[in-house]
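Observations on chain architecture
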Amino acid sequence: MKNTFGTNVTLTLFGESHGSEIGAVLDGLAPGLPVDEAFIASQLDLRRSIGAISTARHEKDEFRIVSGVFNGRTTGTPLCILIPNTDVQSADYADVTCVPRPGHADYTSAVKYGGFNDYRGGGHASGRLTAPLVAAGAILLSALRTKEILIGTHISRLAGIDDAPLTPSEEEIRQLGTRPFAVLSDAAGEKMRAAIEEAATDGDSVGGVLETAVFGLPAGLGEPWFDSVEGLLAHAIFSIPGVKGVSFGDGFDIAERSGSEANDAFARVGDRIVTKTNHSGGIQGGITNGMPLTFRTAVKPTPSIAKTQKTLDFSSGEETDLSVSGRHDPAIVHRARVVVDSVTALVLADLLSGRFGTDWLREG
C-alpha cells in the first residue's frame, strides 16, 4: 500500500475519483515558504478540462489547505490539501467489476484489493488524483523559483503532429507556464487540437509525447546507483496515470551514435563549467552536471473510448463486446504536462533538501 513518495520532502496522495474528497499531504517542508493560493489555482486551471478536447466532467477544484500553513507561510508541519469531488456520475461504472475496461486498472485493482476497492471512475488509480498532486506541486514550484530553478513542459508530439523543438531556453520555459495548451508553435497547436476533436468524434483517443526542461539546477545532485536523478524522476513520472515511457537527453536516439558524437565536451563560460552539447540531458553518472535537465515522457491514448472493444465478462466467463460510456478525455497529454511539472518539482525539492538541508529552499 505505497501511496507516499520522497525521502526528505514527501508527498502522500489519498482519496478516490468519486469519493467525497481527494487530497495530498506534503511533509518535510521548510518552515516559512510562501504559499500563493492564486498560483495554486492557476496551476489547477492548467490541468482542468478544455472544451471538446477534454472530458465533460468539470470539477471546480476549490481546494482547502487545512494544516501546515499560517499567515501565508508553511509552518514546517505536515501540509494537507483537500479538494472536493462535485461532478460525479457513478452509475456509469456499475458494470466494471464484472466487465473490466481494456487498458484500465479495473481488473488489476480488483485483484490487488480483493474486490474491496472503490471502482467508480477508476477509484484510487484515477487520474483525478493528479489534482491534489498539482496543488502540492505548485507550492514546490514556487519554492524552486525563488532559487531560480525553472521547470517547463511542452507537447512535443501528439497524434503524429510535431511541435517546434524546445531549444531549450529560459524564455521558452516561462512562456510555456502561461499557456493552457502548451506548445511553442501556434500552428502545430491548432493541428493537434483538430486531431483530438477528430478522435473524439470518431469515438477514439490519441496519445503523445511531452518534453520537459529544467533550468538552474546545481551540479552534484543525485547518486551514481539506485538514487540516480534519472531513476528517481522516472520512478515518480511512471506513477502518473497513462505514462508508458521516459527518456533523458537524446534518449534512445543516442544508441545510434558513436561515442565521439554522443559525448558532451566540457568548456568554461565565465566562471561556469558547461558542456558544449547536452546529449546526456544534464545528467552524467546519475548526477546533475549543471546543464539544463531534459527528458521526454510518452503518454498513451486514453483507454476509455466509445469504439467497440473485446473484454471478458467475469460473471459468465465469456468474452464480450464493450463500448465505454460516460465522460472521458479523447486525449490527456495536454492536461498531463502540468502534472509532469509538479512531479518533477517534488523530486527535485527532495533531492535538493537531501543535498543542502531542508531549510535550503527557504534561505535567500
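It should be emphasised that the depicted structure is a prediction, and the values quoted were computed from it without experimental measurement. As a convention, each chain's residues are numbered from 1 in the sequence order in which they are written. Totals for whole chains, interfaces and linings use all residues, but because this is a predicted model, local features are given only for residues with pLDDT of at least 70 and pairs of side-chain atoms are given and counted only at 80 or more. The side-chain values count all of the structure's non-hydrogen atoms but skip hydrogen atoms and water molecules.

1. Section: the environment of aspartate 186
Here a strand is any run of E in DSSP of at least two residues, a helix any run of H or I of at least four, and the numbering for each starts at the N terminus. On the secondary structure map, aspartate 186 appears in helix H5 (residues 186-201). Along the chain, aspartate 186 and aspartate 61 lie 125 residues apart, while their C-alpha atoms are 28 Å from each other. A distance of 3.0 Å separates the side chain of aspartate 186 from the side chain of arginine 179, its partner in a polar contact. Polar contacts, as used here, are pairs of N or O atoms within 3.5 Å; protein pairs need one atom able to donate a hydrogen and one able to accept it. Residues neighboring in sequence count only if both atoms are side-chain atoms.

2. Let's talk about the sheet that holds strand E4 (residues 64-67)
Here a strand pair is declared whenever DSSP counts at least two bridges between the two strands. On the basis of which strands lie adjacent, the open sheet formed by five strands has the order E1-E2-E3-E7-E4 and antiparallel pairing. The sheet is open, and its two edges are formed by strand E1 (4-5) and E4, each paired on a single side.

3. Description of the environment of isoleucine 149
Position of isoleucine 149 among the secondary structure elements: in the loop between helix H3 (130-146) and strand E8 (150-158). We call a residue buried when its accessible area falls under 20% of the maximum for its residue type, exposed when it is over 50%, and partly exposed in between, using a 1.4 Å probe and counting protein chains only. Here isoleucine 149 falls in the buried class, since its relative accessible area comes to 1%. Linking isoleucine 149 and proline 218, residues 69 residues apart in sequence, is a C-alpha distance of 9.2 Å. In this view, isoleucine 149 contacts Leu144, Val214, Phe215, Gly216, Leu217, Leu352 and Trp360; residues no more than four positions away in its chain are not counted. Two residues qualify as a contact provided that any one of their heavy atoms is within 4.5 Å of a heavy atom in the partner residue.

4. Considerations on the pattern of salt bridges
In the sections that follow, a salt bridge refers to a side-chain nitrogen of Lys or Arg positioned within 4 Å of a carboxyl oxygen of Asp or Glu. Tallying each qualifying case throughout the model produces 14 salt bridges. Linking aspartate 45 and arginine 48 is a salt bridge whose minimum nitrogen-to-oxygen distance equals 2.1 Å. The salt bridge involving aspartate 186 is made with arginine 179; its shortest N-O contact spans 3.0 Å. Among the charged side chains, a network of salt bridges with common partners joins Asp45, Arg47, Arg48, Asp61 and Arg128.

5. Quick notes on unusual backbone geometry
Geometrically, the link from threonine 167 to proline 168 is a cis peptide bond, its omega value of -10° lying close to zero. Here proline 168 lies in the loop between strand E9 (161-162) and helix H4 (170-176). One non-glycine residue, aspartate 61, lies in positive phi territory at about 55°. Within the secondary structure layout, aspartate 61 lies in the loop between helix H1 (37-47) and E4. Phi angles above zero are rare outside glycine, and alanine 159 is one such case at about 50°. Its location among the elements puts alanine 159 in the loop between E8 and E9. Under the relative-accessibility criterion, alanine 159 is labelled partly exposed at 39%.

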